[in-house]
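This is what each chain is made of:
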Amino acid sequence: MSIRAYLIFSYVVLILLLSLGMWAVDEFVVERMEASNIAFAEEGVMEITTANYQLAKQILTSYGEAVVEDKAEDMVRELGYLLKGKKRFDYSQMRRDKVLRDLCTQEIRSRHGVAGYLDLIDNKGYAVLHPNRAVEGKNFQVWQEQYPKMWELVRQSFSQPRVKGYYTFMDTQNRIREKFMVLQQVPGTPFIAVAAVNIDDFFLPVVSRIRQASQEVVANAKVQIKDHAAKVDYQVKAAGLVGGLVFILLALLSAFYFAHAISRPILHLRRGVEQVGEGNFAVTVPERGAREVIHLAHSFNRLGERLTDYIAKRDFIRDTFGRYVTMEVVKKLLEDESALEMGGETREVSILMSDIRGFTALTAGMAPEDVITFLNRYLSKMIEILVDYHAVIDEIVGDGILAFFGAPELQEDHAVRAVACALEMQAAMEEINRANKADGLPHLEMGVAVNTGQVVVGNIGSEKRAKYSVVGAHVNFTSRIESYALGGQVLISEDTYREVKDVVTVRDTLKAEMKGVPDPATLYEIGGMTGPYSITLPEKLDILTPLPEKLPIHLYRIHEKIVAGATEGAWITHICETGAAIGYEGDLLEWEDVKIHLLDKEGREETGKIYGKVTAVQTGPGGGHEAAIRFTSVPPETAQKIRGLMGIGMGEGMEG
């Protein structure tokens, strides 16, 4: 055999041995790395799952406790109103009273179903009203041995105005469960309101979903790690074979040197690529080795910096854009290039409009910076609620808001969602007015309207400036409805009512003649909603109380939010918390806005202005003029005087 053949043969054997050795090492390393990565992924997911479980349990337990406490307080407040002034109570008659039974045996629901209930006991422990009628008439002491902690809570409630706590029980599957109970005395009565829930029902479904999600994440991670390991294995083996040829041709020492110079940076790059794939764009690799490897490592490091900068800028643009355009619209614009095209589509949506009653007059004497602070408090709360209900906020003009539901994302329940949002916005006015009162700011009343119909929705404007909006007759019709909505009211159209009639409570209906609408429109005042959105607005005392003598007032007419002038003379004959019947000289029109000043004994205007809307005018006895006024804004100090005129005590009635 010639030297050349021997060398060639030796080279071939060396290449084979080197290749086999590299493949064996690669198999070992890749398997170890694959096993290590899988173990690391499982451990990380387990830690995150445990942390999420603890956090979800803590948050949802606190949420469940708050729901139960609110339910107990609502029940006590309504019972105090229904039972006030009674000195004797017939339990049998109370159990036949449907209103009392419905109030005192309500279900308490979590997002996943019924979690508990309300019931009523007396101050000796006897069940007066209970969802399980078999329990009624029994004394809770009979369960003292079975549920000693529960009995201890009941016993404490006899002497303490409010008691809350936990006790354990076994469910039908012999699992140990925890029940949270709130017991609160009903002032002026011998009764105690009880609210109890299985607190586990608030977080166990979430925990189950967290565990399921963690299992899916681990399974997906295993598949990706194995796929990546297979690719790396193939690449390393191919590189090993080529490297072996180069090593043999350029000499063993040079081969080892270059192998070390190349393989190590590649390993760093591979690890860097893995981390980038996992979302860590800040990872860097050492810039060492051959010139090409250094350039590659440098380019990789620059790529991480640019990706980090891109993500930061993208998030900044998205968040900044989201302050001016609803996040659903931002998402559509960022993810779909065609979303920027001008034009629209016909779609059925539900439109919501709200406006503060008498806002211009209320803020006429305020400094501009105070007006902005005053308005932003109101808008911040309203926008928060609208975002929670996934509304698209089309426009905010001063104190008015236009929003719609059902686009760009399709919402099958857009009508129900819109009415629930309107009710929650109206309910939130109590919180806003408490803050206004603490800061010495005026009391606010808001009217809200909801309408459902076919509109054109899409990008409206030009290539230089456009907005995602709705246009059509139903938008104008919603504006007409909103002009009829009084302070504290939620008015909906007949089209909306057909979609939500099974889940809403109607307090009143009215026929309204509107500009541009040929026939009178039927409008519905909504007082509450059942189902997934359980919301009820508080009722005000609206039964007119006759006054023993006429109460002189100054009555000013308001046109286009500007005080146009005073009537020649006016006086109140009947009054309630929500309105009044007046006599007047001069002219008034139905649905006209007015401002009322009560007068003191010397005929001077008292502090506090009442804003209202004329709902009816007629000719009274003797040819005089009479009008019905519905209040849209009543300051607290004036509301207190109205309650005095009605003969209501300081602690009764509703806030103005």
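None of the values given here were measured: they were computed from a predicted structure.

Participant: Which parts of the structure should I look at to understand the overall build of the chain?
Facilitator: A count of helices and strands for the chain gives 14 helices and 22 strands. A total of 656 residues make up the chain; the buried ones form 41% of that total. Here the chain has roughly 37,200 Å² of accessible surface; of this, 55% comes from carbon and sulfur atoms.

Participant: Looking at this structure, I do not really get unusual backbone geometry. What am I missing?
Facilitator: Across residues other than glycine, the phi torsion is negative in most instances, and most of the peptide bonds are trans. In the segment running from A407 into P408, the intervening peptide bond is cis, with an omega of 0°. With respect to the secondary-structure elements, P408 resides in the loop between β9 (400–405) and α11 (414–438). Phi is positive for N174, which is not a glycine, with a value near 60°. Positionally, N174 belongs in the loop between β4 (162–170) and β5 (176–185).

Participant: Teacher, can you tell me more about helix α12 (residues 473–484) here?
Facilitator: Since the α-helix turns once every 3.6 residues, residues separated by three or four places project in the same direction. The terminal C-alpha atoms of α12 lie 17 Å apart, and with 12 residues this matches the ideal 16 Å at 1.5 Å per residue to within 8%. Within the sequence span of α12, burial applies to V475, F477, T478, I481, E482 and Y484. Each buried residue of α12 sits inside an arc of 165° when the element is viewed along its axis, so together they form one side.

Participant: I tried to follow the pairing of strand β18 (residues 569–575) on my own but got confused; where do I start?
Facilitator: One face of the sheet, then the other: side chains in a regular strand alternate in exactly this way. Here strand β16 (residues 545–559) pairs with β18 via 5 bridges, running antiparallel. For T545, the partnering residue across the bridge sits in β18 and is I575. With 6 bridges connecting them, β18 and strand β19 (residues 579–585) associate as antiparallel partners. Within β19, the residue paired with A570 across the bridge is Y584. Connecting the antiparallel pair β18 and β19 is a turn made up of 3 residues.

Participant: Can you walk me through the side chain of S354 in this structure?
Facilitator: With respect to the secondary-structure elements, S354 resides in strand β7 (residues 343–356). Looking at S354, the relative accessible area reads 3%, which means it is buried. Discounting residues that sit within four places of it in the chain, S354 has contacts with Y378, D399, G400, I401, M425, M446, G447, V448 and E482.

Participant: It is not clear to me how the confidence of the model for the chain should be interpreted in this structure. Could you clarify?
Facilitator: Low pLDDT marks regions whose predicted coordinates should not be analysed in detail. In the predicted model, the chain carries a mean pLDDT of 81, and the fraction of residues at 70 or more is 84%. Here residues 316–325 is modelled with pLDDT under 50, and outside its nearest four sequence neighbours on either side it reaches 8 contacts, counting other chains as well.

What counts, and where the lines are drawn
For every chain, the first residue of its written sequence is number 1, and the numbers climb from 1 along that sequence. Owing to the predicted nature of the model, reporting of local features is limited to residues with pLDDT of at least 70; listing and counting of side-chain atom pairs is limited to 80 or more, with chain, interface and lining totals taken over all residues. Calculated side-chain values reflect all of the structure's heavy atoms, with hydrogen atoms and water omitted. The helix count covers DSSP runs of H or I at least four residues long, the strand count covers runs of E at least two residues long, and both are numbered beginning at the N terminus. Burial classes: relative accessible area under 20% of the type maximum marks a residue as buried, over 50% as exposed, and values in between as partly exposed (1.4 Å probe, protein chains only). To be clear on the numbers: accessible area is Shrake-Rupley with a 1.4 Å probe, and residue cover counts the displayed protein chains and nothing else. A helix's residues, less one, multiplied by 1.5 Å, set its expected span. In this description, the arc belongs to the directions extending from the helix axis to the C-beta atoms. By this definition, two strands are paired if DSSP reports at least two bridges between them. Working rule for contacts: check all heavy atoms of both residues, and any pair within 4.5 Å makes them a contact. In predicted models, pLDDT denotes the confidence assigned by the predictor to each residue on a 0 to 100 scale.

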